Amino acid sequence: MSDVTDATTANQAPTPDDAARLADSKKAGPVLAADGTPLKRSLNRALRRQKLRALMLVAPLLIFVLLTFIAPIADMLFRSVENQIVSETLPRTTDLLGDWDADAGALPEAPVYKALYEDIFIAQERKEHTRLGSRLNYELTGVSSLFRKSGRKVEDMGEVYQDQFEDLDEFWEKGENWNQMMGSDDWLADHAAWNEDSGDRQPRFELRDDIAELLPETAAKYEIFANFVQVEDEDNLYTEDPWAVVYSALYDDLTGPNAAQIANYSGFGADKLQAAAAAVSEFETVDFAAAFEDIDKDWSSMDVWQTIQMYSPKYTSGYFLNAVDMQKTPDGPALRDENERIYGTLFMRTMFMSLMITGSCILLGYPVGWILANLPARTANLLMILVLLPFWTSLLVRTSAWKVMLQQQGVINDTLVWLGVVADDSRLALINNQTGTIIAMTHILLPFMILPLYSVMQTIPPTYLRAAKSLGATNWTAFWRVYFPQSVPGIGAGSILVFILSIGYYITPEIVGGTTGTFISNRIAYHISSSLNWGLAAALGTILLAVVLGLYWAYDKIVGIDNVKLG
Amino acid sequence: MKLTKTILASTALTAVASMASAEAHMANEMTIVSWGGAYSNSQQQAYHNPYMEMTGVEIINDESSAEAVAKLRAMNEAGNVTWDVVDVVASDAIRLCDEGLAMEIDPDEMLADAPDGTSAEDDFGDLLVSDCFIPQIVYSTTFGYRTDMVGDTPPTSVCAVFDTETYPGKRALEKRPINNMEWALLCDGVAKEDVYDVLETEEGQQQALDKLDTIKDDVIWWSAGADTPQLLADGEIVMGSTYNGRLFSLIEEQDQPVGMLWDAQVFDLDGWIIPAGLSDERKARALDYIKFATDTQRLADQAKYISYGPARKSSAPLVGKHAELGIEMAPHMPTDPENAKNTFLYNYEFWADYRDDIDAKFQAWLAQ
């Protein structure tokens, strides 16, 4: 008891800091320590050592908190801007789309569609295209099935080239021939020495330098293919035949700027390559734009391309815009349609209801704290158990109990009808609305208000009230002018606890809140577990965190955080 | 020095020993995730117990199916998938497959043929809605009503839900657009075959919401399957939608004055997926379990404990009587011809595309 009042008035014991300050304040010439160094420096050194030792003491806990608490939260919050998936899944397409100007009103040019073919082909082999579809479907309805459908059909698209090469010469069918042509000498030797059954790792594919120069597209695609077969499928590269996308790349190379140099090539399969180079001019070609339009007419819709272009960057503000009822449009951020705005309402409602709950906790908790603090210790302890009892009951049980109490055929309504207070056909709606949430959450959070109030009130000497009264104050004046100001730190601590707990509450509003009594946290939970839109959930969570920190700061400015006492 | 060596050696030994026991442990233990309650119980009786008896494997039950997609994604990102077989609804299976979180299944190769030799693929037929999904049961979302609160005219059409004159009182609907939007359009005069064409358009979505708006004040929105049965039992609502198995247990097992309204019931599927990224040993165990648990007899056995229809065509004739009540189960199956006169099949493709968009509008409408 005494230390609370004393702390502000009594003389503080001297600390090393005092000496440092003292040393600092002496402007006239440095004070020297026994060993001749300036006292200030020597003290600082001693202090630093002390601080380091203290830091080492708390280090285990600090590291624990960093690893298990701060890092996961930071990681989760980072998702609110992260958007690598688009450019990682469609690297070539997003690259080319950078130059495309949607305002010109024309669809992207043919190379973009060819890049899209290559990207989707590789993505569907890796089974990544549907993930991207789900991601973009948050922004534009229908993209999910567009990507799923395209992934299924893209395989046939480039087979036109594969078939023609294979018809031309059986040489092109065999994975073995491709390896001989594309692989470096070292790798070929390693692979020949490798025994598949030995359990050793398959030598990783290496490109031959001159072929990479001669057939850049083909070499790049073949490397991706080889890497996929060896690392992800863990198959022997010699037994696998290349993807269709390798053949379409070969066609590009043979008709591309390097075509003239093929005549000078003398490595493995040179004759076959030269024969193919001579034949490609006769090949049937594929119009990728038309082929994609064939799969789904959405590929010729500006919306789809604009969405891909808008979400190409590695980081996006899209999630945050969504979280404040806005959306990215080609012309910049814009408000969503009226019938899609929801988060603003929910944030306001969460704030308002948390304040209501905090208020009703103060109203109900203050008298209880007062009684507890002023009863003899034995009775107070007994009552204390009643306050703590709810802590030992499961949250779900308590919330479900409120359902039984509050519903229209429930205990409270039945009693009121029986007493004749309300008519049977106009029973009160106490649950599945804001009333229900406020009642149930006030009950659940009440101990968090009572406990700090009680411990602060216990430290207020009863003699102060008696003194006030003996000096002529009425009961009310004595309470309001003498007792209440001293209990304010308890109210502050309780309010902060209750408010911050309730602002993030999830399960109780979900059960008793109906539609008008739910919080923003219910929406966050929905996006985490149901819609899987973790980016949006992270953005909403970040905003909530920022709002709470902002309120905390405001509270500190207005009330002062030093005035908060938990005991 | 000596001490250090001893400690090091013993640590190494323990580490090796624990690794070895973990290896042996894996093969004999599997974690199966399901929904809990009566449903898990039916699986325990029909699948787990016989399988454990047959193989000596220890099956650990986890009741996390409701959050399975989110948890699997988190496990996958952490690189530590602890589940072996997961029971999910078909739409979740499709999403897991899309996200690369579930393993692709070749039904003919990995599942048992029907007793008459029909291949698994033909036996499951159209119910194989995703490459990763092995269907188990057909369940439906449909309405139950209080027989003592509807007077002499028990409802026969789903549109009774929108008819607050004839059937005053509260109704319970699920707090999501799926199913509710379809019913609303159906009762607003849209032909059944046009429902999804209409729902694709902005106007159609608004039309459905407008229809729902006519009963908004009379609706209690549920999010857990147990809510509607409880509300019906307490007389809080006159009718409400929920899963048909829940209504069966309310009517037959708990003897409540509740009737089934099968009209416009929406079929949905529930089944297994195997998470991607399991070790070979665990994958082999999971596949072995799946092959056993989805054969014709096992699927029919499950219907002894819960009124959900087996997903195999060949199981239907084998459905018998309830294990405890002794009543015939066939008439309580959602797929029974008498009950299935007017049905919807959950449109997976449509909702995979429109779910986020329509849900945003639905929630905004709810919050107004």
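Because the structure is a prediction, the values reported are computed rather than measured.

Draft legend 1. Here's a closer look at the overall build of chain B. Assigned secondary structure in chain B consists of 14 helices and 10 strands. Within chain B, the fraction of its 368 residues that count as buried is 48%. Look at the contacts in chain B between residues 6 or more apart in sequence, and 72% of them connect residues 24 or more apart.

Draft legend 2. Layout of the overall build of chain A. Tallying secondary structure elements over chain A gives 28 helices and 2 strands in all. Its C-alpha atoms give chain A a radius of gyration of 36 Å, more than 25% over the compact-globule value 24 Å for 567 residues. In terms of overall dimensions, chain A has C-alpha extents of about 115 × 95 × 55 Å along its principal axes. Buried residues in chain A amount to 34% of all 567 residues. Counting contacts in chain A only where the partners sit at least 6 residues apart, residues at least 24 apart contribute 68% of the total.

Draft legend 3. Quick peek at the nonpolar core. Counting 154 residues, the largest nonpolar core has B:Ala93, B:Leu96 and B:Ile273 as the members making the most contacts within it. If you tally residues by element for this core, the top one is helix α23 (residues 434-458) of chain A, at 14 residues. The residues contacting B:Ala93, other than those within four sequence positions of it, are B:Val88, B:Ala102, B:Ser130, B:Cys132, B:Phe133, B:Gly271 and B:Ile273. Membership of the second largest hydrophobic core comes to 55 residues, among which are A:Ile120, A:Phe165, A:Phe225 and A:Leu254.

Draft legend 4. Representation of the interface of chain B and chain A in the model. Facing 28 residues of chain B, the contacting portion of chain A comprises 30 residues. Those elements that place two or more of their residues in the side of chain B that touches chain A are α3 (68-78), α4 (90-98), β6 (219-222) and α14 (348-367) of chain B. The biggest single contributor to the side of chain B that touches chain A is α14(B), with 14 residues. For the side of chain B that touches chain A, the class distribution of residues is 11 nonpolar, 4 polar and 13 charged.

Draft legend 5. Layout of unusual backbone geometry. Even without being a glycine, A:Lys127 presents a positive backbone phi close to 60°. By secondary structure assignment, the location of A:Lys127 is in the loop between α6 (110-125) and α7 (129-137). On the neighbour-count criterion, A:Lys127 (17 C-beta atoms within 10 Å) is partly exposed. A positive phi is found at B:Asn179, a non-glycine position, where the angle reads about 80°.

Draft legend 6. The domain arrangement of chain A, seen in detail. With domains assigned, chain A is organised as domain 1 (16-78), domain 2 (85-156 + 289-316), domain 3 (173-282) and domain 4 (343-563). One C-alpha centre belongs to domain 3 of chain A, the other to domain 4 of chain A; they are set 70 Å apart.

Draft legend 7. Main features of the domain arrangement of chain B. Residue and element names in this part refer to chain B. The domain boundaries assigned to chain B delineate domain 1 (26-132 + 274-331) and domain 2 (141-267 + 337-367). For the side of domain 1 that touches domain 2, the element with the most residues is α4, which contributes 3 residues. Of the residues contributing to the side of domain 1 that touches domain 2, the split by class is 9 nonpolar, 2 polar and no charged.

Draft legend 8. Region of interest: the UniProt feature "transmembrane region" (unreviewed entry) in chain A. Residues and elements named next belong to chain A. Under the present numbering, the feature "transmembrane region" (unreviewed entry) in UniProt falls on residues 54-74, 351-373, 379-397, 437-457, 488-507 and 532-555. Secondary structure over residues 54-74 splits into 100% helix and 0% strand, and the C-alpha atoms at its two ends are 26 Å apart. Segment residues 351-373 splits into 100% helix and 0% strand. End C-alpha atoms: 31 Å apart.

Draft legend 9. How the structure looks around the packing of α7(A) against helix α8 (residues 143-157) of chain A. All names here are of chain A. Two elements in contact, α7 and α8, have axes whose closest approach is 7 Å; the angle formed by their N-to-C orientations is 160°. By the angle class used here, α7 and α8 are roughly antiparallel. Remark: the crossing between α7 and α8 carries right-handed chirality. Taking contact as the criterion, the partners of His129, Thr130, Leu132, Gly133, Ser134, Leu136 and Asn137 in α7 are, on α8, Val143, Ser144, Leu146, Phe147, Arg148 and Gly151. Here the contact of α7 with α8 is composed, by residue class, of 5 nonpolar, 7 polar and 1 charged.

Draft legend 10. Expanded view of α23(A). All names here are of chain A. Compared with an ideal rise of 1.5 Å per residue, which puts 25 residues at 36 Å, α23 spans 35 Å between its outermost C-alpha atoms and is within 8% of the ideal. Within α23, the axis deviates most sharply at leucine 445, by approximately 45°, and proline proline 447 lies no more than four positions further along. In terms of burial, α23 is largely enclosed, as 20 of its 25 residues are buried.

Draft legend 11. Examining the packing of α3(B) against α4(B) more closely. Residues and elements named next belong to chain B. At their nearest, the axes of α3 and α4 sit 10 Å apart, and the two run at 20° to each other. Classified by the angle between their axes, α3 and α4 sit roughly parallel to one another. In the crossing of α3 with α4, the sense of the turn from one axis to the other is right-handed. Here Ala68, Val69 and Leu72 of α3 come into contact with α4, specifically with Asp92, Arg95 and Leu96. Grouping the constituent residues of the contact of α3 with α4 by class yields 4 nonpolar, no polar and 2 charged.

Draft legend 12. Structural context of the environment of B:Glu77. Residues and elements named next belong to chain B. Within the secondary structure layout, glutamate 77 lies in helix α3. Under the C-beta neighbour-count criterion, glutamate 77 is labelled exposed, with 11 such atoms within 10 Å. Each C-alpha atom of the pair glutamate 77 and phenylalanine 162 lies 45 Å from the other, and the pair is 85 residues apart in sequence.

Draft legend 13. Just the UniProt feature "domain: ABC transmembrane type-1" (unreviewed entry) in chain A, in detail. Feature annotation in UniProt places "domain: ABC transmembrane type-1" (unreviewed entry) on residues 347-555 of chain A, given in this structure's numbering. For residues 347-555 of chain A, the end-to-end C-alpha separation is 19 Å, with 78% helix and 0% strand making up the annotated structure.

Draft legend 14. Broad picture of the environment of A:Pro447. Examined against the element boundaries, A:Pro447 turns out to sit in helix α23. Spatially, the C-alpha atom of A:Pro447 lies 30 Å from that of A:Tyr343, the residues being 104 residues apart in sequence.

Draft legend 15. Inspection of the pairing of strand β4 (residues 134-146) of chain B at higher detail. Residue and element names in this part refer to chain B. Across the 13 residues of β4, 13 count as buried, placing the element largely inside the fold. Of the pairings in the sheet, the one linking β4 to strand β9 (residues 309-310) comprises 2 bridges and is antiparallel in character. Residue pairing across strands places valine 138 opposite glycine 309, the latter belonging to β9.

Draft legend 16. Seen up close, the environment of B:Asp263. Residues and elements named next belong to chain B. Relative to the helices and strands, aspartate 263 resides in strand β8 (residues 258-273). With 19 C-beta atoms packed within 10 Å, aspartate 263 lands in the partly exposed category. Sequence spacing of aspartate 263 and threonine 343 is 80 residues, and the spatial spacing of their C-alpha atoms is 6.9 Å. The residues touching aspartate 263, leaving out its near neighbours within four places in the chain, are Thr156, Ser157, Val158 and Asn342.

Draft legend 17. A look at helix α11 (residues 244-253) of chain B. Residue and element names in this part refer to chain B. Summarising burial for α11: 7 of the 10 residues are buried, a large majority. Elements that come into contact with the buried residues of α11 comprise β4, α10 (227-233), β7 (239-243) and β8. A positive phi of about 60° marks aspartate 255, the residue just after α11.

Draft legend 18. View of the pairing of β8(B). All names here are of chain B. Across the 16 residues of β8, 12 count as buried, placing the element largely inside the fold. Inspection of the sheet shows strand β3 (residues 85-89) paired to β8 by 4 bridges, in the antiparallel sense. Its bridge partner being in β8, valine 89 is matched across the sheet by aspartate 270. Direction of pairing for β4 relative to β8: antiparallel, over a ladder of 11 bridges. Note on β8: the bridge partner recorded for arginine 146 is valine 258.

Draft legend 19. Seen up close, the confidence of the model for chain B. All names here are of chain B. On average, residues of chain B score 89 in pLDDT, and 93% of them reach the 70 mark or higher. Mean pLDDT values over the elements of chain B span from 49, in helix α1 (residues 2-27), up to 96, in helix α7 (residues 180-187). The ipTM value of the predicted complex is 0.86, and its pTM value is 0.86.

Draft legend 20. Main features of the confidence of the model for chain A. Residue and element names in this part refer to chain A. Looking at chain A as a whole, its pLDDT mean stands at 88, while 95% of the residues score no less than 70. Across chain A, element-level confidence peaks in helix α19 (residues 343-374) with a mean pLDDT of 95 and bottoms out in helix α1 (residues 2-9) with 42. Every residue in residues 1-11 is under pLDDT 50, and counting partners more than four places away or in other chains gives 2 contacts.

What counts, and where the lines are drawn
- Residues numbered from 1 in each chain as written.
- Chains lettered and ligands numbered in written order.
- Predicted model: local features only at pLDDT ≥ 70, side-chain atom pairs only at ≥ 80, totals over all residues.
- Helix = DSSP H or I, 4+ residues; strand = E, 2+ residues; numbered from the N terminus.
- Buried ≥ 20, exposed ≤ 12 C-beta atoms within 10 Å, placed from the backbone.
- Contact = placed C-beta atoms within 7 Å.
- Rg over C-alpha atoms; globule rule 2.2 N^0.38 Å.
- Core = buried A, V, L, I, M, F, W, Y, C linked by C-beta atoms within 7 Å.
- Nonpolar A, V, L, I, M, F, W, Y, C, P; charged D, E, K, R; others polar.
- Domains from an automatic or database assignment.
- UniProt positions renumbered as here; feature names shortened; annotations may be inferred.
- Axes fitted to C-alpha atoms, helices over the stretch in contact; angles between N-to-C directions.
- Parallel < 35°, antiparallel > 145°, perpendicular 65-115°, else oblique.
- Left-handed = near helix turned anticlockwise from the far one by under 90°.
- Expected span 1.5 Å × (residues − 1).
- Bend = angle between axes of the 7 residues up to and from the residue.
- Pairing = 2+ DSSP bridges.
- pLDDT = per-residue confidence, 0-100.

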